[in-house]
Amino acid sequence: DAGVIQSPRHEVTEMGQEVTLRCKPISGHDYLFWYRQTMMRGLELLIYFNNNVPIDDSGMPEDRFSAKMPNASFSTLKIQPSEPRDSAVYFCASSSTGPAYEQYFGPGTRLTVT
Amino acid sequence: SQQGEEDPQALSIQEGENATMNCSYKTSINNLQWYRQNSGRGLVHLILIRSNEREKHSGRLRVTLDTSKKSSSLLITASRAADTASYFCALSSGSARQLTFGSGTQLTVLP
């Protein structure tokens, strides 16, 4: 398996622009997680899905952030409009339904908003 | 949700030495996991220990869990330069599937 795939790996955009981050989870995994990592706040869970349904979005910082999972193999995290404080590394992770809860992380998208 | 707190924040050792990092938490857990993150990469799962287990081994890794003290430790034996990374504990509690990650320990292994 190719593991969790994220794109783009790097994104530089200007304040006010829309940003869309993409994730393909590991085939057969039915949980998908979006995280944000910064030096100041560490690794924060933004939202997670089970079987394509959002379960907990309490970590989504503002209405500017939205996430979708239209099918089992694709998810997006959108920021509109973007702000400099959104600059961070965004990770997608997936896990399977099993007694163990280990998560498999993608390589991340480094977002810079100028 | 609760967060684990790692200690120390940073650790620098010589190759061949053992590295120990600790994680403390506040409420009950289902399991506790350790992850490694190399610079510029995603997190990689290392080992999981359930609340009814006290110790687990995986290669050069040894994890202990003391639920009475609400703490866990990760021991890396015979460290190598390639072990240089950040190490995070992650807590699973309640019925939710999400994990809560600590702030991490930055380990530097000097050749």
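Now for a quick tour of the structure. The residue numbering used here restarts from 1 in each chain and proceeds along that chain's sequence as written. Note on labels: chains are lettered from A, ligands numbered from 1, in written order. For a predicted model such as this one, the threshold for reporting local features is a pLDDT of at least 70, and the threshold for listing and counting side-chain atom pairs is 80 or more; totals across whole chains, interfaces and linings nevertheless cover every residue. Based on all heavy atoms of the structure, the side-chain values leave hydrogens and waters out of the count.

1. Section: unusual backbone geometry
Negative phi values dominate among residues other than glycine, just as trans dominates among peptide bonds.
Piece 1. For the peptide bond that leads from S7 of chain A to P8 of chain A, omega is -10°, which places it in the cis range.
Piece 2. One can find P8 of chain A in the loop between β1 (5-7) and β2 (10-13).
Piece 3. Between D7 of chain B and P8 of chain B the backbone carries a cis peptide bond, its omega angle lying at 0°.
Piece 4. A run of DSSP states H or I qualifies as a helix once it reaches four residues; a run of E qualifies as a strand once it reaches two. Both are numbered from the N-terminal end. The residue P8 of chain B is located in the loop between β1 (5-7) and β2 (10-14) in this model.
Piece 5. One non-glycine residue with positive phi stands out, namely N51 of chain A, at about 50°.
Piece 6. The topology assignment puts N51 of chain A in the loop between β5 (42-50) and β6 (53-56).
Piece 7. We classify N51 of chain A as partly exposed; its relative accessible area is 48%. Any residue under 20% of the maximum accessible area for its type is buried, any over 50% is exposed, and the rest in between are partly exposed; the area is computed with a 1.4 Å probe on protein chains only.

2. Structural notes on the sheet that holds β1 of chain A
Residues and elements named next belong to chain A.
Piece 1. We treat two strands as partners when DSSP finds at least two bridges between them. If you walk across this open sheet you meet the four strands as β1-β3-β8-β7, and the pairing is antiparallel. Every other strand in the sheet has two partners, leaving β1 and β7 (65-71) as the edge strands with one partner each. Each adjacent strand pair in this sheet contributes to an overall mean axis angle of 15°, direction not counted.
Piece 2. Here β1 pairs with strand β3 (residues 19-24) via three bridges, running antiparallel. Its bridge partner being in β3, Q6 is matched across the sheet by C23. Between N-to-C directions, angles span 0 to 180 degrees; the directions come from axes that are lines fitted to C-alpha atoms, helices contributing only their stretch in contact.

3. Digging into the side chain of T13 of chain A
Residue and element names in this part refer to chain A.
Piece 1. By the element assignment, T13 lies in strand β2.
Piece 2. By relative accessible area, which is 11% here, T13 ends up buried.
Piece 3. Any two residues having at least one pair of non-hydrogen atoms within 4.5 Å are treated as being in contact. In contact with T13, other than residues within four places in its own chain, are V19, S82, L111, T112, V113 and T114.

4. Some points on the layout of surface pockets
Piece 1. Definitions used for this entry: grid spacing 1 Å over protein atoms alone; cavity, a set of points where a 1.4 Å probe fits but cannot get out; pocket, an open set with protein on both sides within 12 Å along at least 5 of 7 lines; lining residue, one with an atom within 4 Å of a point. Grid points are joined across faces, edges and corners, and a volume is the space filled by probe spheres set on the points. Estimates place the volume of the largest pocket at around 620 Å³.
Piece 2. Those elements giving two or more residues to the lining of the largest pocket turn out to be β4 (31-38), β5, β9 (88-95) and β11 (109-113) of chain A together with β9 (85-92) and β11 (105-110) of chain B.
Piece 3. For the lining of the largest pocket, the element with the highest residue contribution is β9 of chain B, accounting for three residues.
Piece 4. For this classification, the nonpolar set comprises Ala, Val, Leu, Ile, Met, Phe, Trp, Tyr, Cys and Pro, the charged set comprises Asp, Glu, Lys and Arg, and every other residue, Gly included, is treated as polar. Across the lining of the largest pocket, the residue classes tally to seven nonpolar, 17 polar and three charged.

5. Quick notes on the packing of aromatic side chains
Residues and elements named next belong to chain A.
Piece 1. Pairing of aromatic rings covers Phe, Tyr and the six-membered ring of Trp, with a centre-to-centre limit of 6.5 Å; geometry is then stacked below 30 degrees between planes, edge-to-face above 60, and tilted otherwise. Tallying each qualifying case throughout the model produces ten aromatic pairs over all chains.
Piece 2. Summarising the aromatic geometry, the rings of F33 and Y48 are spaced 5.2 Å apart at their centres and angled 20° between planes, so their arrangement reads as stacked. With F33 in strand β4 and Y48 in strand β5, this residue pair connects regions lying 15 residues apart in the sequence.
Piece 3. Looking at F33, the relative accessible area reads 0%, which means it is buried.

6. A look at the nonpolar core
Piece 1. Throughout, nonpolar core names a set of buried Ala, Val, Leu, Ile, Met, Phe, Trp, Tyr and Cys residues whose side chains join them through atoms within 4.5 Å. Judged by nonpolar contacts, the single largest core of 22 residues is most densely connected at M21, L32, W34, L74, I76, Y87 and L107 of chain B.
Piece 2. Breaking this core down by element, the ones donating at least two residues are β3 (19-24), β4 (31-37), β5 (43-50), β7 (61-66), β8 (71-76), β9 and β11 of chain B.
Piece 3. What I76 of chain B contacts, discounting residues up to four positions off in sequence, is E17, N18, A19, M21, R60, L61, D83, Y87 and L107 of chain B.
Piece 4. Residues V19, I26, I47 and A88 of chain A belong to the second largest nonpolar core, which totals 21 residues.

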